[in-house]
Amino acid sequence: MGFRLNFKWLSFEGIDMAIDLGTTNTLIYTLKDGIVLDEDSMIALREDTGDFVAVGKDVKKMLGRTPDNVRIVRPMEDGVIADFKAVEKMLRCFIQKVQKKKLFIKPRVIVAVPSGITPVEKRAIINSIEESGAREVYLIFEPIAAAVGIGLPVTDPSGNIIIDIGGGTTEIAVIAMSGIVNKVSIKIAGNELDDAIQIYLYDRYNLAVGQVTAENIKETIGSASLSDKIEEMEIRGRDMVTGLPTTVKVNSEEIREAMKEPLGLMNNAIKKTLSETPPELASDIVDKGLILTGGGSLLSGIDKMISESTNLYVKISDDPLENVVKGAGIILGDIGGYRELLVNPD
Ligand SMILES: Nc1ncnc2c1ncn2[C@@H]1O[C@H](COP(=O)(O)OP(=O)(O)OP(=O)(O)O)[C@@H](O)[C@H]1O
Ligand SMILES: [Mg+2]
């Protein structure tokens, strides 16, 4: 086999990246290769020294099984940074994974942030990203990024409504003329559904299960609206009376009941946003319906639940877990053209 010269390192395109730093998942997108990283927003560190143990998907596998001297950190909480040091370490690892080679030029990075972010939180994100090796940092509000990722005409005067149900937050935003006209953000999203399932199993069956199991139940038989077919699932956990491992059979109706309260709060937030929306835009929304994005929109029957509660047409976007990072990537690809969509960093 002959010797092949590789000139790839001479090209600087594709080093710029878009990041969706979510409470549950972090995604990175480059203009050259699209989505290049999709990992859990978690890092494991040694308790005593703070040394790195694992990051992302590798940590998820370790959940609930780590020895005492390993600490698992979810550095994002409700969409914002809860642990600065840990988020920097996590991002540095992710950025290194994406840029296998050391480059002379540092990347430009666009990060999607929750629309309710405070100036202090903005600074924290910008600093963390700069510390992880970026040259320039741009911010974009998540609902705007999602709308661009979905392909909605965000610069049009006609309004669109985006409901992003993530792990930590549910954000409902009315978008028109490149801006957010009205928004409501609540700290009730996928994680609270998992918590509600854990509490239900504890109260009803004295069964203790971990968060991973609760999430798995939600994704497998969880449903937000009554369905014709009742599904069953065997759950393993610990019987809190005997202290022994045990198995319990639960059905989808029980899980729906378990999630009722947080789902009701999501419905209320959506109705509140609609009631505060100017009439002209409200009329656009009646025509176009509501658009669901974020991992939570994959919960079975959630579109039906929202549609029944609002009497409006509801559509789940394609690839709801990827809309935000893709939209941020599209904006990064034409930062001049999309300038008016960017968040003022100060
Ligand atoms: N099939 C499914 N059914 C129900 N929920 C799901 C499904 N798949 C993923 N989820 C949930 O989606 C959530 C993660 O969504 P997403 O990645 O959009 O959140 P995030 O962007 O990390 O969080 P945030 O936007 O709140 O910061 C998790 O709570 C996860 O359990
Ligand atoms: Mg998100």
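Residues numbered from 1 in each chain as written. Chains lettered and ligands numbered in written order. Predicted model: local features only at pLDDT ≥ 70, side-chain atom pairs only at ≥ 80, totals over all residues. Heavy atoms only, no water.

Draft legend 1. Quick look at empty space enclosed by the protein. By the definition in use, this model includes one cavity of 30 Å³ or more. For the largest cavity, the calculated volume is near 40 Å³. Around the largest cavity, the lining residues are T24, D40, M42, K60, R74, N191, Q211 and E215. In terms of residue class, the lining of the largest cavity is made up of one nonpolar, three polar and four charged. (1 Å grid on protein atoms, 1.4 Å probe; cavity = no way out; pocket = protein on both sides within 12 Å on 5 of 7 lines; lining within 4 Å. Points joined across faces, edges and corners; volume = space filled by probe spheres on them. Nonpolar A, V, L, I, M, F, W, Y, C, P; charged D, E, K, R; others polar.)

Draft legend 2. The arrangement of the sheet that holds strand β14 (residues 207-208) in detail. Pairing within the open sheet is antiparallel, and its three strands lie in the order β14-β15-β16. For this open sheet the edge positions go to β14 and β16 (245-251), each flanked by a neighbour on one side alone. Pairing geometry for β14 and strand β15 (residues 232-239), over two bridges, is antiparallel. The residue of β15 that forms the bridge with A208 is R238. In the packing of helix α6 (residues 211-221) onto the sheet, the strands contacted are β15 and β16, and the crossing angle to β15 comes to about 170°. (Pairing = 2+ DSSP bridges. Helix = DSSP H or I, 4+ residues; strand = E, 2+ residues; numbered from the N terminus. Contact = heavy atoms within 4.5 Å. Axes fitted to C-alpha atoms, helices over the stretch in contact; angles between N-to-C directions.)

Draft legend 3. Focus on the nonpolar core. Residues L201, I217, I235, L263, L290, I302 and I306 are the most contacted members of the largest nonpolar core, which totals 42 residues. With five residues, the top contributor of residues to this core is helix α8 (residues 260-275). When neighbours within four sequence positions are excluded, L290 is seen to be in contact with I161, I163, I270, L274, I285, I306, T310, L312, Y313, V314 and K315. Residues L21, M90, V111 and I117 belong to the second largest nonpolar core, which totals 31 residues. (Core = buried A, V, L, I, M, F, W, Y, C linked by side-chain atoms within 4.5 Å. Buried < 20%, exposed > 50% of the residue type's maximum accessible area, 1.4 Å probe, protein only.)

Draft legend 4. Representation of the pattern of salt bridges. Tallied over the entire structure, the rule returns 15 salt bridges. Two residues, D40 and K60, come together in a salt bridge whose shortest N-O distance is 3.7 Å. Placement of the pair is D40 in strand β3 (residues 34-40) and K60 in helix α1 (residues 57-62), with a sequence separation of 20 residues. What makes D40 buried here is its relative accessible area of 10%. (Salt bridge = Lys/Arg side-chain N within 4 Å of Asp/Glu carboxyl O.)

Draft legend 5. The layout of surface pockets, seen in detail. Quantified by volume, the largest pocket comes out at close to 640 Å³. If you trace the largest pocket, you find 37 residues lining it, with N25, G166, G167, G295 and L321 closest to the centre. Of all the secondary-structure elements, those providing two or more residues to the lining of the largest pocket are β1 (17-21), β2 (25-30), β11 (160-165), α5 (190-205), α6 and α11 (323-333). When residues of the lining of the largest pocket are assigned to their parent elements, the largest contribution, four residues, is made by α5. Tallied by class, residues from the lining of the largest pocket come to nine nonpolar, 18 polar and 10 charged. Counting contributing residues per domain, the lining of the largest pocket is built from domain 1 (155-188 + 270-317) and domain 2 (190-260), each supplying no fewer than three. (Domains from an automatic or database assignment.)

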